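Understanding the architecture of this molecule
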Amino acid sequence: MAAKMGRIAGLAFPSRRTIKLKERYIFLILVLTVIVFSITTIFLIPDLRSSSADKVYQVYVHVQNAAPDILIPQPSSANELVGDNPDKAELVHWGGINKHGQMDEPDPHLLSDKERLKKKIDASETILEKPKVQDKAEDGEAPVIKHRGHELRPDSDVDNTDKSVVITSGGEDNEDDIRKKRDTVKQMMAHAWKNYEEYAWGGNELRPISLKTHNPGIFGAAQLGATIIDALDTLYIMGFTKEFEKAKQWTLENLNFSSVGSDISVFETNIRFVGGLLTVYALTGDYAFAAKADEIAQLLLPAFNTPTGIPNALINAKTGIGKNYNWASGGAAILSEFGTLHLEFSYLSDVTGNPVYREKIEQVRKVIREIPKPNGLYPNYLNSRTGKWGQTHMSLGALGDSFYEYLLKAYLQSGKEDSDARTLYIEAMEAIDKWMIRESRSGLLYVSDMKYERLEHKMDHLACFSGGMFALGAHTLHDSSAARHMDIGKGLTNTCHESYIRSETGLGPEAFRFSDGLEARALKSNEKYYILRPEVVESYFILWRLTKDKKYREWGWEAVQALEAHCRVDHGYSGIKNVYNINSQKDDVQQSFLLAETLKYLYLLFSDDRLISLDQWVFNTEAHPLPIKGSNPFYLHEKR
């Protein structure tokens, strides 16, 4: 049926009925369009299915493309959602990388704005130094730490990677068990010191059973407070503030060598007194200790008045007359004595500005460098008048030991500039490895003595320091022998540990032998004693620092327990006469090196590596740490 049309002003328009029908068609078309669009959105455009996070991200991209200099931090993308279910996940905080300002070509307006802002900051902002934190360390409290001249508590925020940071007290380990072991060692020091202070104050050493002073012949008849000087740096490192101050006062007011009218050992006086005082100077910056060391060293200088410049072993400080021991190969000088002056005398010249000390030891160095050496080895005796070797007895133990130690450590102390010392050390170790290092039938490595080109298969307790020496040399020299020398260091230290655990007391003898039926045990009665010596725990300490093998701490703790069980008495510590007898008689001597060396090394074994770091300090042969030139800012202090 044809639609009827109406007319208005000559125009035709549909009737009401016709309009309704067309509206229906239009509505139907619109509905179909929406449906098709919705289906297309859901199934054919996956980018529009992402979470609200990506919608925000799309907006950010468009905005940044349009205006990259607007300060809008980059929002998190959908990949940074938290949770496995993207429908329920929450956005992480918008703290991602801010890419603002990344342009191929810099905007000149931004550059000028940045420059003005920088000038404003420079004019108003100052970077503040770390505040000085000072805490008095009372007994039982955490001691203070030195940090670039400031005092910090052990738990302060110190940059561990900054090698100019010097930590000289505090330094606790992170493990509770290790801290408890260190506390045990500290209490041992307190026990030894308290009884010396009460019963032998001002004397050289304590007799802890008879409760009187002990004066070994190396100091003549003089009462020189050897234990006080030997213990000063240990007291300081362990945080015994009151005890240190009392010892300091005695040292500065009472220590006086000029009136000593008997012969004293140049070697012992140097390593204990000169070395000990220089260490305290380095630790505290108090020049009074350096001045005292200078005063004592001046009295030793006449000992060098020999045709060769090799010093005599003994000196009368009052008369200046020197001599050697009659028993030493017809009055010869001893290798381990005249060869163990370099660290202290070299440092003393730098501290005082007096070149005489370095000149003396350089002359000694010249003699030993130029003299022919049998098989590259150094005999233990050298005639200070003729410059010729005495008996051809070679040892890394008694009479030889610290000479080799000081070759390596002179190189390290110099900041690795003393190439002469380095060469002499490497050549000496090559000869010792070739001629004197041997392995037992069961595989124990040891360093034998040699007499007239024949090996004496005996190793001294004193030679047990060499495990640490070989390891330290391997660690620092990095030459072609490094791996071999590290193995030697580990092997010798293991053998010395065996000499301890093969005794009934858990302590090692003065010397032990290797034969068909005997390994790492003493044979003669005069080799079975233990006098609180440090060399074994010294190597434990160094090997622990270099390898981080926990067995060295375990072995150190075994030594602590053995000392407590067999050497501790009511009023200090005593050596024992037979390590193979659990009821051994005591020798009634508390050696000063117990406080200077044995307890210090044990304390450091159970401390953080930054406390007296091996990168900053070298230990003299009495365990007094001396600073390394160039890497330790405590090497020199302003006089005050």
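Below is a short write-up of the structure.

Definitions and limits used
Within any chain, residue numbers begin from 1 and follow the written order of that chain's sequence. Note on the predicted model: pLDDT of at least 70 is required for a residue's local features to be given, and 80 or more for side-chain atom pairs to be given and counted; whole-chain, interface and lining totals, by contrast, use all residues. Water and hydrogen atoms play no part in the side-chain values, which are based on all heavy atoms of the structure. Strands here are runs of E lasting at least two residues and helices are runs of H or I lasting at least four, both read from the DSSP assignment and numbered beginning at the N terminus. A helix is expected to span 1.5 Å multiplied by its residue count minus one. Using a 1.4 Å probe on the protein chains alone, a residue whose accessible area is under 20% of its type maximum counts as buried, one over 50% counts as exposed, and one in between counts as partly exposed. The arc refers to the directions leading from the helix axis to the C-beta atoms. Contacts are assigned to residue pairs with any non-hydrogen atoms lying within 4.5 Å of each other. Pairing of aromatic rings covers Phe, Tyr and the six-membered ring of Trp, with a centre-to-centre limit of 6.5 Å; geometry is then stacked below 30 degrees between planes, edge-to-face above 60, and tilted otherwise. Either the NZ atom of lysine or the CZ atom of arginine qualifies as a charge over a ring when it sits within 6 Å of the ring centre and within 35 degrees of the ring normal. We call two strands paired when DSSP finds no fewer than two bridges between them. Salt bridges, as used here, are contacts in which a Lys or Arg side-chain nitrogen is within 4 Å of a carboxyl oxygen on Asp or Glu. Here, patches come from residues exposed beyond 30% relative accessible area and free of salt bridges, joined within 9 Å for like charges and within 5 Å for nonpolar side chains (Val, Leu, Ile, Met, Phe, Trp, Tyr). In short, Shrake-Rupley with a 1.4 Å probe defines the accessible areas, and a residue's cover is counted only from the protein chains shown. The angle between two axes is taken between their N-to-C directions and runs from 0 to 180 degrees, where each axis is a line fitted to C-alpha atoms and a helix contributes only its stretch in contact. By convention in this document, the label disulfide applies to cysteine sulfur atom pairs within 2.5 Å.

Some thoughts on helix H6 (residues 241–254)
- Over its 14 residues, H6 runs 20 Å from end to end, which matches the ideal 20 Å to within 8%, given 1.5 Å per residue.
- Listed as buried for H6 are Glu 243, Phe 244, Ala 247, Trp 250 and Thr 251. Angularly, the buried residues of H6 cover 130° about the axis, an arc narrow enough to put them on a single face. Those residues of H6 that are exposed and aimed more than 90 degrees away from the buried face are Lys 242 and Glu 253.

Regarding the environment of Tyr 404
- Inspection of the secondary structure puts Tyr 404 in helix H12 (residues 401–413).
- Through-space distance from the C-alpha of Tyr 404 to that of Tyr 425 is 6.7 Å; in sequence the pair is 21 residues apart.
- With sequence-adjacent residues up to four places away left out, Tyr 404 is seen in contact with Leu 335, Tyr 378, Ser 395, Leu 396, Tyr 425, Ala 428, Met 429, Ile 432 and Met 469.

Description of unusual backbone geometry
- Of note in the backbone geometry, Lys 416 takes a positive phi value of approximately 65° without being a glycine.
- Position of Lys 416 relative to the elements: it lies in the loop between H12 and helix H13 (419–435).
- Classification of Lys 416 as partly exposed rests on a relative accessible area of 44%.
- For Tyr 452, which is not glycine, the phi dihedral falls at a positive 50°.
- Mapping Tyr 452 onto the fold places it in the loop between strand E15 (449–451) and strand E16 (454–456).
- For Tyr 452, a relative accessible area of 57% translates into the label exposed.

Focus on the packing of aromatic side chains
- Tallied over the full model, the rule gives 25 aromatic pairs.
- Plain terms: the ring middles of Tyr 552 and Trp 555 are 5.4 Å apart, the flat faces sit at 85° to each other, and that makes the pair edge-to-face. Highlighted residues: Tyr 552 and Trp 555, both in helix H17 (residues 551–566), separated by three residues, approximately one helical turn. Trp 555 shares its class with Tyr 552; the two are buried.
- Linked through ring pairs, Tyr 281, Tyr 287, Tyr 347 and Tyr 635 together constitute an aromatic cluster.
- Looking at Lys 186, its charged tip hangs above the ring of Phe 240, at a distance of 5.2 Å from the centre.
- The cationic tip of Lys 246 hangs over the ring face of Trp 201; the distance from NZ or CZ to the ring centre is 4.8 Å.

What to know about the sheet that holds strand E12 (residues 393–394)
- The strand order across the open sheet formed by three strands is E12-E15-E16, and the pairing between neighbours is antiparallel. The open sheet terminates on both sides in strands that have one partner only, identified here as E12 and E16.

Some details on the pattern of salt bridges
- Inspection of every chain in the model, using the stated rule, returns 32 salt bridges.
- The salt bridge partner of Glu 295 is Lys 292, with a shortest N-O separation of 4.0 Å. Residue Glu 295 and its partner Lys 292 are located together in helix H8 (residues 287–300), separated by three residues, close to a single helical turn.
- Taking the relative accessible area as the measure of exposure, Glu 295 reaches 36% and is therefore partly exposed.

Focus on a nonpolar patch on the surface
- Together, Leu 28, Leu 32 and Ile 35 make up a nonpolar patch on the protein surface, roughly 280 Å² of accessible area in all.
- Tracing the chain through its elements places Leu 32 in helix H1 (residues 16–44).
- For Leu 32, a relative accessible area of 48% translates into the label partly exposed.

Overview of the sheet that holds strand E9 (residues 322–323)
- An order of E7-E8-E9 is seen for the three strands of this open sheet, with the pairing classed as antiparallel. Looking at strand neighbours, the two that pair on one side only are strand E7 (263–265) and E9, the edges of this open sheet.
- Note: E7 against strand E8 (residues 314–316), three bridges, orientation antiparallel. Residue pairing in the sheet places Ile 264 in a bridge with Ile 315 of E8.
- Here helix H7 (residues 266–284) sits on the sheet in contact with E7 and E8, set at roughly 55° to E7.

A closer look at H17
- In this model H17 runs 22 Å from its N-terminal to its C-terminal C-alpha over 16 residues, within 8% of the 22 Å that 1.5 Å per residue would give.
- Among the residues of H17, those classed as buried are Tyr 552, Arg 553, Trp 555, Gly 556, Ala 559, Val 560, Ala 562, Leu 563 and His 566.
- Those residues of H17 that are buried are in contact with helix H4 (176–199), helix H15 (482–501), helix H16 (535–547), strand E20 (568–569), strand E21 (572–573) and helix H18 (592–605).

What about the state of the cysteines?
- Within this structure, the stated rule accounts for one disulfide.
- Here Cys 464 pairs with Cys 496 through a disulfide, and the sulfurs are 2.0 Å apart. Disulfide Cys 464 to Cys 496: torsion about the S-S bond roughly -95°, handedness left-handed. With Cys 464 in the loop between strand E17 (458–460) and helix H14 (466–477) and Cys 496 in helix H15, this residue pair connects regions lying 32 residues apart in the sequence. Each member of the pair Cys 464 and Cys 496 is classed as buried.

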